[in-house]
Structure formats: C-alpha cells, structure tokens
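Structural features, examined
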Amino acid sequence: MAEFAEDAVQLHQEAVPMKGGDGGDAPCVAEQAAEQVVQRDAAADCDTKPSTTTTERHISIQTKLEGLEMLADLNGAGRKSCPLCPEEKFKACYSHKLRRHLQNLHWKVFVEFEGQRMCICHLPCRNLKPILSGDQASGRHVAHYHCVVCSATIARKTDMISHLKRHINKGETEASYSSSSDAPLEEPAPSGQDYEIMKELGTNVQLLPNYNTPQKSDTYFNRKMKTNRQLVFCALAVLAEERNPLECLDAFGATGIMGLQWAKHLRNAVKVTITDISDTCVKMIKENCKLNHIRVDGGARGPRGANGSGDEFEGVPIATVEVAKMDANVIMHLRAFDYIHLDPFGTAVNYLDAAFRNIRNLGIVSVTSTDTGSLYAKSPNVTLRHYGCHIVRTEYYKELAARIVLATVARAAARCNKGIEVLLAVALEHFVLVVVRVLRGPTQADESAKKLRKLVHCQWCEERLLLKQGNMVDDVLPCNCHGSLPGKTAVQLGPLWSGPLFNTGFLRRMLSAAVKHSMDDVQPLVKTLICESECTILKSLVHGPSLLANQVECGVVIKTLQSGEESADQSAGKRKCGEECGNVVKKLKGDVSLEHPPFYYSIHRHSIRGMNMPKLNKFLQYLTEAGFRVSRTHFDPTGVRTDASLLQFKSVLTKYSVPTCTVASLTQTSASVDKKV
C-alpha cells in the first residue's frame, strides 16, 4: 500500500510543472492522490475484513428467480438494464433478452447457503488493486459474490465456499443484517438459548451449531459414538467397585459429555478431571457443568473446598469436576490416575507413552481410535507409519484392526515396564475401542511382549494362522493354495496381539453396571461379547446365575455385586433355572476355561456357488454337533467364531447346503418345454 502511495505522489509531482501551476500546490495534490489509493486498497481488501455495518442484504442475494426479475421490472415496456451488471458490460435491451441473461448468467452462477442464493455480481462493488498505466491510476472491476453472513465480497466461487465453511465452524450462521448485537459468537450464552441442548444418559449438554463438523471444530460431538461412551462408562463403573475414590481422566473433553456422565452417575466414587487444549471447549465444558448442577474446580492442586473452587456454583452441587486447559500429554506426565480415557480425533498413538507413564497399578486405560481408514486396510501405508504393522484387506479386517491397536498399546506399556491384560476390544463401523488393565513390573511387560506375533494369511482362500518363531511362511498354512496355484499366495501381517480380546468376568460385571444404570442400548452388545468370550451360543450363560460366581482377574478373586442373601430371596422358578444353568456350566467347565479362538469366518465369503446355505443359527448348531466350539461375533453379523479349521468349516457348510436347482424342478421345467414344442 505504501508503494502505491509513493508512486502516486511521484506521478503528481511530475504532472504539476507541466501544467504551469504553482509549485506549492503539488504536495496537496499528492496527498489527495495518496488518499484515493488508500481508499481503493481498503475496498480491495474487503473480502478479508467483512463489513459489520451493513443493515440490508445485497440485491444479488435472492431466494427465487422472481426476485431478480422484479429488480429489472421485466413487465414494463422499453429497454431495461441489468441490475447486477454495469452499462459498459451489458447494454440495455428488451425484456425477453434480459430475462435470458438473468437466468443463464446470474441465477445459474451462484453459491447457495441455507436456502439463499448468492448470485454472481458484476457491479463496481469490489475493485482490484489499481494498475498504474501512464499518467493515471486505473482499476478494473471483477465479478464477485456477496457473503450472506458478513457481507464480504469474494471473487472466486471456491473461496466463497471455504469462507462460508469458516462461518459454519465458528457458529456464525445468522446474517449480519439480521443481527443487532456486537457480541462475539464464540462466547457461550449463559442461558443456552443460542445453542442446541442434547440429553444423553440423563446428562444435558449444549452444543454449538457446528457440533457435527469435525473439520476445524473445537466442540465436536458425534451422536453415533453413544455406544462407545456407554461401554467406557460401564468399564469405569466396574473399576469404581474395586477402589474408592477413583481418579479418572477424560483427556479430550470437547463438550465434556463423557466426564459429566461419570460425575453425575457415580458421584463421590470418582474424582473426574476433564481437559482440553481449546479455550472454546473449556468454556463450553464449564457451561455444561452449570447446566447439570455440577461444581467446577478450576484445576488448582489446592483444597477442594469452597475457597479452593475455581468457579462459584449457586445451590447444592451434586458432584465436582475439575476442568483444566492443558495438553493431554502434559497432564498425564504430571499426575497419576486410576482410569484414563483417550479419544482423540484420529489415531491415539501419540498419547500412549504419556498414558502409561503414571497410570497406577491395576488401573485401566481405554483407547478409542477413529482412524478407520488406516485400521480397516484402506490406507496400508498410513497403518505402517502409525502402528508399524503390515496389513491387507481380509474378511476379518475388524478384528485385525483391534489386534493392531492392542499390539501398539502393549508396546507402549512395555516401554514403561508395564504389562497389559485385555478386558475388552470392540470394533464397529465408526471406531475401535480397546480397554486394558495395567500390570506393573518387567515380568508382566515381558509376558505381554511375548503375545505379539505375526500372522500368515492366504490371499486366495482366506486361511490364516498365527506364526511362531522360526517357521517358513508357505509351510505352516494347512491349505494347499501355495502348491496348486502359481506364485506366492501367503503374506505376513502384523505384528499383532495374539492373546484373548475379552475378559469374561469383567464383561459380566459390565453387564450388571449397564442394567443398574438403565443402559438398554448397550446391553445386547455386552451379552454378545460375553458369548463371544466364552465361544458359546448358550444364552443361559449370560442371563443365568453364573453371574453370581466370583470372577478371577489378574490372579485376584473379585466378588460380584449380588450376595448370597439376595440370591436366597429368589423365587422357586428362578432357583430351578439356576440349577439347570449350573448343570450346563459344569458340563462346559473345561471349555469355558479355554481362551476363545482367534479370528472368525464369514459364512457368505465361503458359500458354495449353486447351493443354498442353511440359516446362520442352524449352522451354528451343526458346528456344535460336530464337536467344535462356536459362537457369533460382534465384528461381523455373518461371522462365525470357531476353533474349526477352514477345511472343516467348509465341509460342514457343504454337508448342510441344498442345491439351488433340485431334480423335481428340472423335471417340471423339461415337461413344460415339451408341451410348448
């Protein structure tokens, strides 16, 4: 801008002597020219500095084509000028030609936002920076769009779309001409009227209008992660029964919905700490605490009394939550916790080392990974870069993703001389959740490291086998694909976690917590996990009094919620059911003690062409009658987890499959053909 002003001053100083005027007037003329250049520069930069004094929207912003036609008054006689073009660009013409011009140019070239079209405008509303040619400064007009929110003028359509997305991410969805206050939109409204209030599990949270936009959004909230939040809550509730009080951390608060649910339902059993790096999130979390009658602790390490509180609360609070603006790695390095939940946007590998540094012995770390593109083999190079694992697309890709995350977690724990025991591993459409218990000591770390093994996978028949040390790839698979087909068919995947994915005792206690807190949505999933962990299809093992048995975790016998006095008050019918279920448990005592078989088979992937498969539940019974352990899996609705090999699996499937075209149908078809002839 200063260079244009100096050039204008120099031009006018050279022009004054040629006119023969007084030399003393030259500085005045130069100052006027410099002011004109500055005004043009300010008009050219209006796309980056939106106008806040606009009281009426621009005529190029319309909702219907009739609005543009009314501006041109097409019903009148004579020649008409275009309301969005200057006279030198589009000369006055008759109504029929002007109507085509408005339809084909201005109405079709637009950017739409909330039902309003920002049509392209050619009026001299926006100038480029002046082009100095000869003795005078000139500028050319460019086509542009007027922003419906802030009245800024932007030349390119793609830039206008990006400009509107920034408004959406900031929550600025109302036009400036309809706003009467100058308050910034980032500040949370105390009354919550400008925000959407959502209720989940008895907890109210207010959300910004852009809560469902993950890009450039601080207070992102995903309704589809409700199952994830309930599973994490149940795991924390089980741990709260073992030790009290329990210090837990929600490292990525966002709206604070997860930490608020912990504090509201578990009350004095937990001391909740919610952290986030964003100022907007911290303000939103504090507002949500007030909305749920929860007192906010400012994050100081002082006493938690009335004087030590970081925020005053009116009335009697039901719980206390500590809210801190801090990076997740920093707070996990500074303080020790009993329960840590990591749920960043994408992968969580950058926070695992800090999480296992100060976690207490027998504490729990839950990790939610939402980078399903890399975990589900859509981006193998990203998987290798983040997790250090080789991966290909398989029929059991979801379980493969869970074992990849567990392998990364085990390596991070081993670097801190800690081992892990897997309590839960869930892989659904939107996320992969793993919950592990931390076991301190180098011996436990070595035991966990021994469970990291590579997997041999046949890309032709989908046969798979965990590879032991010192075995050749083509010699370990039971299939004969490498001998009957040219080239190599087997690949090495991993390293993966080869141990069990579930702890039956912990899952049973999670089911009790889900029933206690009325989580009806997650109960079917937990019941499926219990059957999958025991590799059984008997529902009585889930619903029966086997829940009352003491569960062994980490070598420690942990009692369940129900006691002998409560079981003595049951009715005779329930006692009879308990005796039957007890007999079933005795029969399957040897099987339940075994670990569930790794991976599963998809019944649709291995179906025989030209044959009708049996129903899935019938097929599970057939496998059980053949002497194999079998269960369904939550990873795939058509998957079957069994200890049978692929060859045995296909033989049972072939045995009970029915041909599509039977002999009777063939005879009827031939008879009908003979009649026609």
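Each residue is numbered by its place in its chain's sequence as written, counting from 1. Local features in a predicted model are, by the rule used here, given only for residues with pLDDT of at least 70; side-chain atom pairs are given and counted only at 80 or more, and totals for whole chains, interfaces and linings are based on all residues. Only heavy atoms go into the side-chain values, all of them from the structure, while hydrogens and water stay out.

Moving on, we come to the overall build of the protein chain. Helix and strand definitions here come from DSSP, where helices need a minimum of 4 consecutive H or I residues and strands a minimum of 2 consecutive E residues; each element is numbered from the N-terminal end. Within the protein chain one finds 25 helices and 27 strands. When accessible area is computed with a 1.4 Å probe and restricted to protein chains, residues below 20% of their type maximum are described as buried, those above 50% as exposed, and intermediate ones as partly exposed. Residue burial in the protein chain is summarised as follows: out of 677 residues, 46% are buried. When checking whether two residues touch, look at their non-hydrogen atoms; a contact exists if any pair is within 4.5 Å. Pairs at least 24 apart in sequence give 65% of the contacts found in the protein chain among residues at least 6 apart. Where accessible areas are quoted, they stem from the Shrake-Rupley method and a 1.4 Å probe; at the residue level, only the protein chains shown are allowed to cover. Carbon and sulfur atoms make up 51% of the accessible area of the protein chain, which amounts to about 34300 Å² in all.

So, about the pattern of salt bridges. What counts as a salt bridge is simple: a side-chain nitrogen of Lys or Arg found within 4 Å of a carboxyl oxygen of Asp or Glu. Scanning the model with the defined rule gives 18 salt bridges in all. Among the salt bridges present, the one from D279 reaches K325, with a minimum N-O distance of 3.7 Å. Pair noted here: D279 is in helix α8 (residues 279-291) and K325 is in strand β13 (residues 319-325), with a separation of 46 residues, a long-range link. Classification of D279 by relative accessible area gives partly exposed; the value is 45%. Put simply, E447 and K450 hold a salt bridge, and the shortest N to O gap is 4.0 Å. Taken together, the positions of E447 and K450, both in helix α14 (residues 442-450) and 3 residues apart, correspond to about one turn of that helix. Through salt bridges that share partners, R243, E247, D338 and R360 make up one connected network.

Once that is clear, we can look at the packing of helix α23 (residues 616-625) against helix α24 (residues 646-655). Only the contacting stretch of a helix is used when fitting its axis, a line to C-alpha atoms as for every element, and angles between N-to-C directions run 0 to 180 degrees. Orientation of α23 relative to α24, taken along the N-to-C sense of each, is 120°, at an axis distance of 10 Å. Relative to α24, the element α23 lies oblique. Crossing geometry of α23 relative to α24 is assigned as right-handed. Taken together, the residues of α24 that come into contact with α23 (itself represented by F619, Y622 and L623) are F649, V652 and L653. Following the grouping adopted for this structure description, the nonpolar residues are Ala, Val, Leu, Ile, Met, Phe, Trp, Tyr, Cys and Pro, the charged ones are Asp, Glu, Lys and Arg, and the polar ones are all others, Gly among them. Here the residues of the contact of α23 with α24 sort into 6 nonpolar, no polar and no charged. Roughly parallel refers to an angle under 35 degrees, roughly antiparallel to one over 145, roughly perpendicular to one between 65 and 115, and oblique to any angle outside these ranges. Helix crossings fall into two classes, left-handed where the near helix is turned counterclockwise from the far one by less than a right angle and right-handed where it is turned clockwise.

By the element assignment, R437 lies in strand β17 (residues 432-440). The exposure class of R437 is buried, given its relative accessible area of 2%. In the analysis that follows, any N or O atom pair within 3.5 Å is treated as a polar contact, provided that within protein one partner can donate a hydrogen and the other can accept it, and provided that, for residues neighboring in sequence, both atoms belong to side chains. A distance of 3.3 Å separates a polar atom in the side chain of R437 from the backbone oxygen of L362.

Here the focus is the packing of aromatic side chains. Centre-to-centre distance and the angle between the planes together describe a pair of aromatic rings. Under the pairing criterion, centres of Phe, Tyr and Trp rings, with the six-membered ring standing for Trp, must be within 6.5 Å; the plane angle then separates stacked pairs below 30 degrees from edge-to-face pairs above 60, leaving the rest tilted. Inspection of every chain in the model, using the stated rule, returns 8 aromatic pairs. A ring pair is formed by Y396 and F599, whose centres lie 4.7 Å apart and whose planes are at 55°; its orientation type is tilted. Linking Y396 in the loop between α12 (380-387) and α13 (397-415) with F599 in the loop between α22 (589-592) and β23 (601-602), this pair joins segments that are 203 residues apart in sequence. Here Y396 and F599 have matching classes, each one buried.

Glancing now at the sheet that holds strand β26 (residues 639-642). Across the sheet, which stays open at both edges, the 3 strands sit in the order β23-β26-β25 with antiparallel pairing between neighbours. The open sheet has two edge strands, β23 and β25 (630-632), and neither has a second partner. Here 3 bridges tie β25 to β26, and the two strands are oriented antiparallel to one another. Across the sheet, residue S631 finds its bridge partner in β26, namely R641. Here, any two strands with at least 2 DSSP bridges between them count as paired.

Turning to the sheet that holds strand β2 (residues 110-113), a few remarks are in order. What the 3 strands build is an open sheet, ordered β1-β3-β2; its pairing is antiparallel. The open sheet has two edge strands, β1 (61-62) and β2, and neither has a second partner. The sheet contacts of helix α5 (residues 157-169) involve β2 and β3 (116-119), and relative to β2 the element is tilted by about 15°.

Looking at the element boundaries, A143 is found in the loop between β5 (136-138) and β6 (145-146). A143 gets classed as partly exposed once you look at its relative accessible area, which sits at 23%. For the pair A143 and I154, spaced 11 residues apart in sequence, the C-alpha separation works out to 8.7 Å. Filtering out sequence-adjacent residues up to four positions away, A143 remains in contact with I120, C121, H122 and A155.

A few words on the environment of D343. With respect to the helices and strands, D343 occurs in the loop between β14 (337-342) and α10 (352-355). D343 sits 115 residues away from N228 along the chain, and the two C-alpha atoms are 10.0 Å apart. Setting aside residues up to four positions removed in sequence, D343 forms contacts with M225, N228, F252, T368 and T370.

With that settled, consider unusual backbone geometry. The omega torsion across N244 and P245 is 0°, close enough to zero to call that bond cis. You can see P245 is positioned in the loop between α6 (226-240) and β10 (246-250). With an omega dihedral of 10°, the bond running from G494 to P495 counts as a cis peptide bond. As for its position among the elements, P495 is in strand β20 (residues 490-497). Although it is not a glycine, L362 adopts a positive phi angle of roughly 65°. Among the secondary structure elements, L362 is positioned in strand β15 (residues 359-369).

Attention now moves to helix α3 (residues 65-72). Taken together, the buried positions of α3 are L65, G67, L68, E69 and A72. The secondary structure elements touched by the buried residues of α3 are β1, α4 (95-106) and β3. Trailing α3 by a residue or two, D73 shows a phi angle of about 55°, which is positive.

Before going further, it helps to spend a moment on the packing of α6 against helix α7 (residues 257-266). It is the contact of α6 with α7, at a shortest axis distance of 11 Å, that shows an interaxial angle of 40°. Of the possible angle classes, the one that applies to α6 and α7 is oblique. In the packing of α6 onto α7, the handedness of the crossing is right-handed. Between α6, through N228, R229, V232, F233, L236 and A237, and α7, the contact on the second element is made entirely by I257, M258, Q261, W262, H265 and L266.

Attention now moves to the confidence of the model for the protein chain. Averaged over all residues, the pLDDT of the protein chain is 78; the fraction at 70 or higher stands at 71%. What pLDDT reports is the predictor's confidence in each residue, on a scale of 0 through 100. When pLDDT is averaged over each element of the protein chain, β14 comes out on top at 98 and α22 at the bottom at 36. Counting interchain partners and residues more than four positions distant, the pLDDT-below-50 stretch residues 175-193 has 34 contacts. For the stretch residues 300-310, pLDDT sits under 50, and the model shows 13 contacts to residues farther than four places along the chain or on other chains.

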